[in-house]
Amino acid sequence: DLDRRRPGQSRITTPRNEADAVEILSGLNPEDITIGTPIAMLVRNKDQRSNDYLENDMKVAYRPSHADATYDAKYGVRAIAGGGRSSARETIGRVAAGAIARKILKQYNNIEILAYVSKVQDIETKEVDHDTFTMEDVDANIVRCPDPVVAEKMLDRIDEIRKSGNSIGGVVTCVARNVPAGLGGPVFDKLEADLAKACMSIPAAKGFESGSGFEGTLLSGKEHNDEFYIDPETGATRTKTNRSGGIQGGISNGENIVIRVAFKPTSTIGQAQKTVTRDGQEVELRGKGRHDPCVLPRAIPMVEAMVALTLVDHVMMQTAQCELFPNETPMELRPNPMGSTAHREGGPVEFESEVQVAGPVSQRVDEE
């Protein structure tokens, strides 16, 4: 995962050359088995160039749309060299921890998390099958878009922007497969709310969508609702469509969880921009140093890591809240199993006759 995040991996990422090799300091024995103590990991910076920041105007002038000014406003001091905690270098810890979370999720329910670049500026793919695309499909090109035709168009656009000394943004789509129904909470621990907070904490993230997102507002309830059906093989309750993105009422429903994260263009660019200095003088600034013309390819493992960490948290909460004691409710009184990985013992229920409904069932309720 860190290899997919590291800088210097292609012409459309920062040319900084870091191996991002992990040193594990604690938590494992010589056989690589966890021993119950915290797992401490260290990644050393090998190719830092502080002078790129300290020996030019960026030492005193704020980069437009960067965290320079707001950090200074909050703390009265800022990390000039490299941006400090506003640098994407801080995501190393997220991705390293996310790799451990992936292993837990794989053992828990064979949960798989895959992200891809779905949009660069106005160039978008909608031809990716969320049930079948693989990491190999994603990594087949340097843009990390599993649609090869659209990926070429995205690459041409990024190259055009890069050569002009500018930057570009877009959208990362992330899919979590085999997530069981029941993770999340109805009010304060809504699954999509926690996923939103986790993903919006990634540097340069500016927007979040779950399921149909903002496009869902264009549909009527009849068009948007995911109708239920009984899987003829497993007997489980499933949905015919997935506009909910695998989450309903803040709780997973056993279908693919689908989210999208929007990333802004990198704020440090090679073109001249108007700004101000720390003491209030208006100046012109041209960014120096090595920066991504497009953060999207390296954001893929970051989004995957934050989704994995969030899901592990909810797996632990679900275990503590609902699985601590055995469920002694008779099978005939339990709700039908739900989701793509669920199975009803004995398969679908055979009813003597179908329920006949004369017309639409009234849903009139009194609500505040």
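Everything discussed here concerns the structure shown above.
Below is a short write-up of the structure.

Topic: the overall build of the protein
Here's step 1: Each helix and strand in the protein was counted, giving nine helices and 13 strands.
Here's step 2: Split into buried and exposed, the 368 residues of the protein put 41% on the buried side.
Here's step 3: Of the contacts formed within the protein by residues at least 6 apart in sequence, a portion of 69% connects residues at least 24 apart.
Here's step 4: Carbon and sulfur atoms form 51% of the exposed surface of the protein, whose accessible area is close to 21,000 Å².

Digging into the sheet that holds strand 4 (residues 123–124)
Here's step 1: With antiparallel pairing, the five strands of this open sheet are ordered in space as 4-3-5-11-6. Single-partner strands in this sheet number two, and they are strand 4 and strand 6 (205–210).
Here's step 2: Judged from the two bridges that link them, strand 3 (residues 112–120) and strand 4 form a sheet pairing that is antiparallel. Each residue of the ladder has a partner; that of Val120, found in strand 4, is Ile123.
Here's step 3: Against the sheet, helix 7 (residues 191–200) touches strand 6 and strand 11 (257–263), its axis set at about 160° to strand 6.
Here's step 4: Each of strand 3, strand 5 (170–177) and strand 11 touches helix 9 (residues 296–322); the most contacted strand, strand 3, lies at about 140° to it.

Concerning the side chain of Thr173
Here's step 1: Relative to the assigned elements, Thr173 resides in strand 5.
Here's step 2: In this structure the side chain of Thr173 is engaged in a polar contact, spanning 2.8 Å, whose partner is the side chain of Ser118.
Here's step 3: Residue contacts for Thr173: discarding those within four places in its chain leaves Leu114, Ala115, Tyr116, Ser118, His130, Val258, Ile259 and Arg260.

Observations concerning the pairing of strand 13 (residues 282–286)
Here's step 1: One ladder, built from five bridges, connects strand 12 (residues 272–276) with strand 13; its direction is antiparallel. Its bridge partner lying in strand 13, Lys274 is registered against Glu284.
Here's step 2: What sits between strand 12 and strand 13 in their antiparallel hairpin is a turn of five residues, with Gly280 showing a positive phi close to 95°.

A closer look at unusual backbone geometry
Here's step 1: At Gln121, a residue that is not glycine, the phi angle is positive and equals roughly 55°.
Here's step 2: In this structure, Gln121 sits in the loop between strand 3 and strand 4.
Here's step 3: The partly exposed category is assigned to Gln121, whose relative accessible area is 41%.
Here's step 4: Its identity as a non-glycine residue notwithstanding, Ala204 has a phi of 80°, on the positive side.
Here's step 5: For Ala204, the position within the fold is in the loop between helix 7 and strand 6.

Quick look at the packing of aromatic side chains
Here's step 1: The final tally for this structure, using the stated rule, is two aromatic pairs.
Here's step 2: Ring centres 6.0 Å apart and planes at 70° place the aromatic pair Tyr71 and Tyr75 in the edge-to-face group. Residue Tyr71 and its partner Tyr75 are both found in helix 3 (residues 68–75); the two are separated by four residues, about one turn of the helix.
Here's step 3: With a relative accessible area of 25%, Tyr71 lands in the partly exposed category.

Quick look at the nonpolar core
Here's step 1: In this structure, Ile113, Ile257, Ile259, Phe263, Val303, Val307 and Leu311 are the most contacted members of the largest nonpolar core, which totals 50 residues.
Here's step 2: At the level of secondary structure, the elements contributing two or more residues to this core comprise helix 4 (91–109), strand 3, helix 6 (148–163), strand 5, helix 7, strand 6, strand 11 and helix 9.
Here's step 3: Element by element, the count of residues in this core is highest for helix 9, at twelve residues.
Here's step 4: Those residues in contact with Ile113, other than ones at most four positions away along the chain, are Arg102, Leu105, Cys174, Val175, Ala176, Glu304, Val307, Ala308 and Leu311.
Here's step 5: Ranked by size, the runner-up nonpolar core spans seven residues in total, among them Leu114, Tyr116, Val175 and Val258.

Looking at a nonpolar patch on the surface
Here's step 1: A surface patch of nonpolar side chains, about 290 Å² in accessible area, is lined by Val22, Ile24, Ile39 and Met41.
Here's step 2: Looking at where Ile24 falls in the secondary structure, it is placed in strand 1 (residues 22–26).
Here's step 3: On the basis of relative accessibility, which here comes to 48%, the residue Ile24 falls in the partly exposed class.

Describing the packing of helix 7 against helix 9
Here's step 1: Where helix 7 meets helix 9, the axes come as close as 9 Å, and the angle between the chain directions of the two elements is 140°. Taken together, the axes of helix 7 and helix 9 are oblique relative to one another. Crossing hand, helix 7 versus helix 9: right-handed. Contacts between helix 7 and helix 9 involve Leu191, Asp194, Leu195, Ala198 and Cys199 from the former and Val303, Met306, Val307, Thr310, Leu311 and His314 from the latter.

A closer look at helix 9
Here's step 1: Between its terminal C-alpha atoms helix 9 stretches 38 Å, which fits the 39 Å expected from 27 residues at 1.5 Å a residue.
Here's step 2: Helix 9 sits mainly inside the fold: 19 of its 27 residues count as buried.

Section: the packing of helix 4 against helix 9
Here's step 1: Contact geometry for helix 4 and helix 9: axes closest at 7 Å, N-to-C directions at 50°. With respect to helix 9, the axis of helix 4 lies oblique. The crossing of helix 4 and helix 9 is left-handed. For the pair helix 4 and helix 9, contact is made by Thr91, Arg94, Val95, Ala97, Gly98, Ala101, Arg102, Ile104, Leu105 and Tyr108 and by Pro301, Met302, Glu304, Ala305, Met306, Ala308, Leu309, Leu311, Val312 and Val315, respectively.

About the criteria used
Residues numbered from 1 in each chain as written. Predicted model: local features only at pLDDT ≥ 70, side-chain atom pairs only at ≥ 80, totals over all residues. Heavy atoms only, no water. Helix = DSSP H or I, 4+ residues; strand = E, 2+ residues; numbered from the N terminus. Buried < 20%, exposed > 50% of the residue type's maximum accessible area, 1.4 Å probe, protein only. Contact = heavy atoms within 4.5 Å. Areas by Shrake-Rupley, 256 points an atom, 1.4 Å probe, with all protein chains shown as cover. Pairing = 2+ DSSP bridges. Axes fitted to C-alpha atoms, helices over the stretch in contact; angles between N-to-C directions. Polar contact = N/O pair within 3.5 Å; in protein donor to acceptor, adjacent residues only side chain to side chain. Phe/Tyr/Trp six-rings, centres within 6.5 Å; stacked < 30°, edge-to-face > 60°. Core = buried A, V, L, I, M, F, W, Y, C linked by side-chain atoms within 4.5 Å. Patch = residues over 30% accessible without salt bridge, like charges linked within 9 Å, V, L, I, M, F, W, Y side chains within 5 Å. Salt bridge = Lys/Arg side-chain N within 4 Å of Asp/Glu carboxyl O. Parallel < 35°, antiparallel > 145°, perpendicular 65-115°, else oblique. Left-handed = near helix turned anticlockwise from the far one by under 90°. Expected span 1.5 Å × (residues − 1).

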